[in-house]
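Each chain is listed here by its residues.
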Amino acid sequence: FTPSVSAGDVDKEKFPSVPKPENKIAGTEEYPLALTSMGTNLFAAEQAKNGDIKGMFFYNSNMAAGYSNTAYLADALSQLDLIVVVDVQMSETALLADYVLPDTSYLERLELPEFIGGKVPAVALRDQVLEKVHPNTRPVDQIFSELAEACGVGEYFPFTVEELAAAQLETVGVSLDELKEKGIVELSDPGFEYKTPAFKTPTEKFQFSSEAVGEAGLNPVIGWTPRLVEPKQGEFYLVGGKQGIHSHTMTQNVATMNAISREYGLERAWISVQDAAELGIADGDMIEIASSEHTGQVAARVTQRMRPGVVFLPTHYGGSSPYQSRAYEFGLNMTDFVPFHMEPGTGATMSQEVAVTVRKV
């Protein structure tokens, strides 16, 4: 609803544009509703498993631990000839890699300005505040630039992050020194007024039907779609979700975050009071959850906040990398239990489509 803001054009001689790849992004033809700028990583995993994709590079991504069924993804990635991971920790994906390129933390590097839209737009900067802790790490911009140089396309990166940041800020009348000092600077007030927005649709209005969805072979009208998996007698729906203190699986080994999880038992599986009573489960009891793909044990949280017939698992736990000692085997990984489903049209994971049994251990 409010105006967006971005940097203006910078000098193309000093900051040359990288040409777009000639090949199409994996999955955009097979899954026409996937974002054309991203494709679908699950289709890429499928292609790796059957040998059509030979190598993958990962940055700040733990695909092997949470994008879909972990056993399927580990098998798919093991078929690759090359895996390169850029990360700050030995994640489950890094364990599968041929090469791990150690990144610095965000506190040890300067990043590009962040342009923030709003009634009064602003620009913010995350600057380096610590000297590099581990000598054998490099900021990701340096890693990418040096990889480009090694691959014969270094001519597209003849500049530093500091030079690009300064050039971007110059286009909105802010200096890098000023932003480093203040952290955030408001830009000129565009005189915004609330009005009926123009949506990014063919009609510029909110639409209850979509021709693109219809052309992809799906129901073009918003409506109910039956579940792919329905629990049988004695089974439960298994659903998963996020917790406010964590970011996917990337923070599960952070000392303070992990301590909070342990103090409050945040790794527990939620089950309704009614279901727990029928199964003889008390709050804190160990329970076994089993699906067609996996079996695991975790403590139960008995609560009135769950509807009967449904069990909830947070999606941040069940780490399998021994290098992440705090997170290792703490809780369960919800995606271990889910078959490798792909959403028609988009190629996204269908992470909630699984039925499980539950019993007291």
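Because the structure is predicted, anything quoted here is derived from the model rather than measured.

Visitor: Quick one: what's the story with the nonpolar core, residue by residue and with numbers?
Guide: M56, F58, L73, L77, L80 and I83 are the most contacted members of the largest nonpolar core, which has 23 residues in total. For this core, the elements supplying multiple residues, two or more each, are α1 (41-49), β1 (55-59), α2 (63-66), α3 (70-78) and β2 (82-87). If sequence neighbours within four positions are ignored, M56 has contacts with A44, A45, A48, L77, L80, L82, I83 and V84. A269, I289, L332 and M334 belong to the second largest nonpolar core, which has 19 residues in total.

Visitor: Give a description of unusual backbone geometry that names residues and reports values.
Guide: In the Ramachandran plot, H248 falls in the positive-phi region, its phi being about 50° despite a non-glycine side chain. Considering the arrangement of structural elements, one finds H248 in the loop between β7 (236-241) and α9 (255-263). By relative accessible area, H248 is classed as partly exposed at 46%. Of note, E329 is a non-glycine position whose phi angle comes to about 55°, a positive value.

Visitor: Let's hear about the pairing of strand β12 (residues 355-360): which residues, and what values?
Guide: Along any regular strand the residues' side chains alternate between the sheet's two faces. Alignment of β7 against β12, held across two bridges, turns out to be antiparallel. Across the sheet, F236 pairs through a bridge with V356, a residue of β12. Across four bridges, strand β9 (residues 286-290) lies against β12 in antiparallel orientation. In the sheet register, A290 faces β12, and the bridge partner there is T357.

Visitor: Describe the sheet that holds strand β3 (residues 99-102), listing the residues and the values that go with them.
Guide: Across a sheet, strands are paired by hydrogen bonds formed along the backbone, either parallel or antiparallel in direction. Sheet architecture is open: three strands sit in the order β1-β2-β3, paired in parallel fashion. A strand with exactly one partner marks an edge of an open sheet, and here the two such strands are β1 and β3. Taken over all neighbouring pairs, the strand axes of this sheet differ in orientation by 10° on average, direction set aside. The pairing of β2 with β3 spans four bridges and is parallel. Note on β3: the bridge partner recorded for V84 is Y99.

Visitor: Tell me about the packing of α1 against α3, residues and numbers included.
Guide: Contact geometry for α1 and α3: axes closest at 7 Å, N-to-C directions at 55°. As summarised for this structure, α1 and α3 are arranged oblique, according to the angle between their axes. Note that α1 runs across α3; the crossing there is left-handed. Contact residues: α1 offers L42, A45, E46, A48 and K49, while α3 offers Y72, L73, D75 and A76.

Visitor: So what about the sheet that holds β7? Which residues, and what values?
Guide: Read once around its circumference, the closed barrel built from six strands follows the order β7-β11-β8-β10-β9-β12, with strand pairing classed as mixed. Geometrically, the sheet is characterised by an average inter-axis angle of 45° between neighbouring strands, direction not taken into account. As paired strands, β7 and strand β11 (residues 310-314) are joined by five bridges and run parallel to one another. Bridge pairing in β11 links Y237 to V310.

Visitor: I'd like a rundown of the pattern of salt bridges, residues and numbers included.
Guide: Where side chains of opposite charge bring their charged atoms close, a pairing between them can arise. Tallied over the entire structure, the rule returns 12 salt bridges. Between E178 and K182 there is a salt bridge whose closest N-O contact spans 3.2 Å. Here E178 pairs with K182, and both are found in helix α7 (residues 176-182), just four residues apart, close to one helical turn. A salt bridge links K360 to D285; its shortest N-O distance comes to 3.5 Å. Taken together, the residues span a long stretch of sequence, with K360 in strand β12 and D285 in the loop between α10 (273-279) and β9 at a distance of 75 residues. Residues participating in the shared-partner salt-bridge network are D103, R109, E111 and R126.

Thresholds, definitions, all that
- Residues numbered from 1 in each chain as written.
- Predicted model: local features only at pLDDT ≥ 70, side-chain atom pairs only at ≥ 80, totals over all residues.
- Heavy atoms only, no water.
- Core = buried A, V, L, I, M, F, W, Y, C linked by side-chain atoms within 4.5 Å.
- Buried < 20%, exposed > 50% of the residue type's maximum accessible area, 1.4 Å probe, protein only.
- Helix = DSSP H or I, 4+ residues; strand = E, 2+ residues; numbered from the N terminus.
- Contact = heavy atoms within 4.5 Å.
- Pairing = 2+ DSSP bridges.
- Axes fitted to C-alpha atoms, helices over the stretch in contact; angles between N-to-C directions.
- Parallel < 35°, antiparallel > 145°, perpendicular 65-115°, else oblique.
- Left-handed = near helix turned anticlockwise from the far one by under 90°.
- Salt bridge = Lys/Arg side-chain N within 4 Å of Asp/Glu carboxyl O.

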